[in-house]
Amino acid sequence: MVDESGRPYEPDRLPVASAVREGRSTESTLGYGLPQGGYAWYSVRTAPLAFADGFDGAVVTLDDVTEQHEARHRVALAERFLRLTFNHAPIGIAVLGPDGQLRQVNAALCDLLGYEEAHLLAGGLDPATHPEERDVGGRQLEAWLSGAQERFLLERRFRHASGRWLFTQMSVAVVRGDDGTPVHLIVQVVDLTDRRALELRRAAVEDPLTRLANRRALLGRLTEAQQRQGRFVNEVGLLYLDLDDFKAVNDRHGHDVGDRLLRATGEWLVCATRKTDLACRLGGDEFAVLCEPVDGVHGLEEIVDRLHVAPAPSVLVDGQLVTAGYSVGAVLVGSEQGLDEALRGADASMYRSKRDRKHALEC
């Protein structure tokens, strides 16, 4: 025999045995081990009984409650599983009542915000929320309760217990009863602080349309290359490229196609140049490639030839290929030369190339 927790009983210590000996009533649930394994569960009730001849006895009744016990056991296991999942989830989770008050928070949310569970449950999330976003939360809560929105994402700034600001994304789901009444809200909070910082750093040196390096990144890379020039014999080259008649593409097909063509040009530049080169978008339809190292003018011409050999950038529009023609100029950059001066030289080289090509076509 075992109790409801699975602990075995000594025969003389069974609740029913003790109750009979002491002449008292008791009720307990006992498990009886079956030969094939598992248990049959019984609800056992004991009550004292006095006989007319003066002897004392007891009335013992047994009800088979195996099904009910196993059902309760399954529910208990499910609740324990959910509780462990909630407490050990790797992201912050909170349960809010329809009034917006916190009912539960898990360890990950406490760690994220730097507060103890009791502190959060007592004060809620509002004190840690950025002042500009507290009213937003109130309007969102009203939307939840009205049923206008069931699930959504929003960004929220929280002040950590240490004083620093966290950038987070909140995923909210409304749990409703069978009658549609809100029971509670489940909120998941993901820390985006490091990702936001990375995005800001990337935005400072990356063109948002093509994902190529921007002018600022080009300047930094050129400075590093020129510093290496002072220690080694490596030479640095710069290509300047723009698309021919790009305005006509925008006018005929629209800016969306124009943007696609610019992205295709960026991908083409990366594929057609070397891994050591840095492809950049300067703005509009103007691109540059910092080439390092290069073996003088001859080495720079080889990189330009790589562009000419590669298929020109193009996009498919209504079943037709729209191809970007381009003009490119190239110069070697001196160790003391500034970026603006180098770009002017490459730009001038590009226009000479474009003029020569036009003249050749006219002839």
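To be clear, the structure that these remarks concern was listed above.
Described in the following lines is the structure provided in the data block.

Procedures and definitions
- Residues numbered from 1 in each chain as written.
- Predicted model: local features only at pLDDT ≥ 70, side-chain atom pairs only at ≥ 80, totals over all residues.
- Heavy atoms only, no water.
- Helix = DSSP H or I, 4+ residues; strand = E, 2+ residues; numbered from the N terminus.
- Rg over C-alpha atoms; globule rule 2.2 N^0.38 Å.
- Buried < 20%, exposed > 50% of the residue type's maximum accessible area, 1.4 Å probe, protein only.
- Contact = heavy atoms within 4.5 Å.
- Salt bridge = Lys/Arg side-chain N within 4 Å of Asp/Glu carboxyl O.
- Pairing = 2+ DSSP bridges.
- Axes fitted to C-alpha atoms, helices over the stretch in contact; angles between N-to-C directions.
- Parallel < 35°, antiparallel > 145°, perpendicular 65-115°, else oblique.
- Core = buried A, V, L, I, M, F, W, Y, C linked by side-chain atoms within 4.5 Å.
- Arc of directions from axis to C-beta.
- Phe/Tyr/Trp six-rings, centres within 6.5 Å; stacked < 30°, edge-to-face > 60°.

A closer look at the overall build of the protein
Then step 1. Looking only at helices and strands, the protein features 11 helices and 14 strands.
Then step 2. Here the C-alpha atoms of the protein give a radius of gyration of 38 Å, more than 25% beyond the 21 Å that 2.2 N^0.38 yields for 363 residues.
Then step 3. The dimensions of the protein, computed from C-alpha atoms along their principal axes, are 135 × 50 × 50 Å.
Then step 4. Looking at the protein as a whole, 37% of its 363 residues are labelled buried.
Then step 5. Relative to all contacts within the protein whose residues are 6 or more apart in sequence, the contacts with residues 24 or more apart total 51%.

Let's talk about unusual backbone geometry
Then step 1. Cis geometry is adopted by the peptide bond preceding Pro293, which originates at Glu292 and carries an omega value of -5 degrees.
Then step 2. In this structure, Pro293 sits in strand 11 (residues 286-294).
Then step 3. A positive phi is found at Asp245, a non-glycine position, where the angle reads about 55 degrees.
Then step 4. Examined against the element boundaries, Asp245 turns out to sit in the loop between strand 9 (235-244) and helix 8 (246-253).
Then step 5. One non-glycine residue, Asp318, adopts positive backbone phi at about 50 degrees.

Details of the pattern of salt bridges
Then step 1. Tallying each qualifying case throughout the model produces 11 salt bridges.
Then step 2. As a salt-bridge pair, Asp340 and Arg215 come within 2.4 Å of each other at their nearest N and O atoms. A residue pair is termed long-range when its members are at least 10 positions apart, and Asp340 in helix 11 (residues 339-362) and Arg215 in helix 7 (residues 215-229) qualify at 125 residues.
Then step 3. Residue Asp340 is classed as partly exposed on the basis of its relative accessible area of 42%.
Then step 4. Residue Arg215 is classed as partly exposed on the basis of its relative accessible area, which comes to 37%.

Re the sheet that holds strand 1 (residues 26-33)
Then step 1. Reading across the sheet, the 3 strands line up as 1-2-3 and stay open at both edges, with antiparallel pairing between neighbours. The open sheet terminates on both sides in strands that have one partner only, identified here as strand 1 and strand 3 (56-64). Adjacent strand axes in the sheet meet at a mean angle of 30 degrees when their direction is disregarded.
Then step 2. Across 9 bridges, strand 2 (residues 39-50) lies against strand 3 in antiparallel orientation. By the bridge assignment for strand 3, Tyr42 is matched with Asp64.
Then step 3. Packed onto the sheet, helix 1 (residues 15-22) meets strand 1, strand 2 and strand 3 and runs at close to 140 degrees relative to strand 1.
Then step 4. Relative to the sheet, helix 2 (residues 66-88) contacts strand 1, strand 2 and strand 3, its axis offset from that of strand 2 by approximately 120 degrees.

Things to note about the pairing of strand 13 (residues 320-323)
Then step 1. Across 4 bridges, strand 12 (residues 314-317) lies against strand 13 in antiparallel orientation. When the sheet's bridge partners are listed, Ser314 is paired in strand 13 with Thr323.
Then step 2. Here strand 12 hands over to strand 13 after 2 residues, with Asp318 in that stretch at a positive phi of 50 degrees.

Some remarks on the packing of helix 8 against helix 9 (residues 255-272)
Then step 1. Put simply, helix 8 and helix 9 touch, their axes get as near as 7 Å, and they point 140 degrees apart. Considering the angle they form, helix 8 stands oblique to helix 9. Residues Phe246, Val249, Asn250 and His253 of helix 8 touch helix 9, and the partners they reach there are His255, Val257, Gly258, Leu261 and Leu262.

Points about the nonpolar core
Then step 1. Grouped together as the largest cluster of nonpolar side chains are 28 residues, with contacts concentrated most on Leu239, Leu241, Leu269 and Leu307.
Then step 2. Of all the secondary structure elements, the ones that give two or more residues to this core are strand 9, helix 8, helix 9, strand 11, helix 10 (296-309), strand 12 and strand 14 (325-333).
Then step 3. Residue contributions to this core peak at 7 residues, all from helix 9.
Then step 4. Those residues in contact with Leu307, other than ones at most four positions away along the chain, are Leu239, Leu241, Trp268, Leu269, Ala272, Thr273, Tyr326 and Val328.
Then step 5. One finds Leu113, Ala128, Met170 and Val189 within the second-largest nonpolar core, a separate group that totals 22 residues.

Focus on helix 1
Then step 1. Three or more residues of helix 1 are buried, namely Pro15, Val16, Ser18 and Ala19. Seen end-on, helix 1 carries its buried residues on one side only, within an arc spanning 165 degrees.
Then step 2. Looking at the packing, one finds that the buried side of helix 1 touches strand 1, strand 2 and strand 3.
Then step 3. Positive phi appears at Gly23, one or two residues downstream of helix 1, with a value of about 65 degrees.

Overview of the sheet that holds strand 7 (residues 165-176)
Then step 1. One open sheet accounts for 5 strands, arranged 5-4-8-7-6; its pairing is antiparallel. At either margin of the open sheet sits one strand with a lone partner, and together these are strand 5 (102-105) and strand 6 (151-159). Each strand axis lies, on average, 25 degrees off the axis of its neighbour in the sheet, ignoring direction.
Then step 2. The strands that helix 6 (residues 193-205) touches are strand 6, strand 7 and strand 8 (182-191); relative to strand 7, the one it contacts most, it runs at about 125 degrees.

Focus on the packing of aromatic side chains
Then step 1. Following the criterion strictly, the structure yields 2 aromatic pairs and no others.
Then step 2. Note on Tyr39 and Trp41: the rings are 5.8 Å apart at their centroids and 45 degrees apart in plane angle, and the pair reads as tilted.
Then step 3. Judged by its relative accessible area of 37%, Tyr39 falls in the partly exposed class.

Interpretation note: all reported values are geometric properties and have no functional meaning in isolation.
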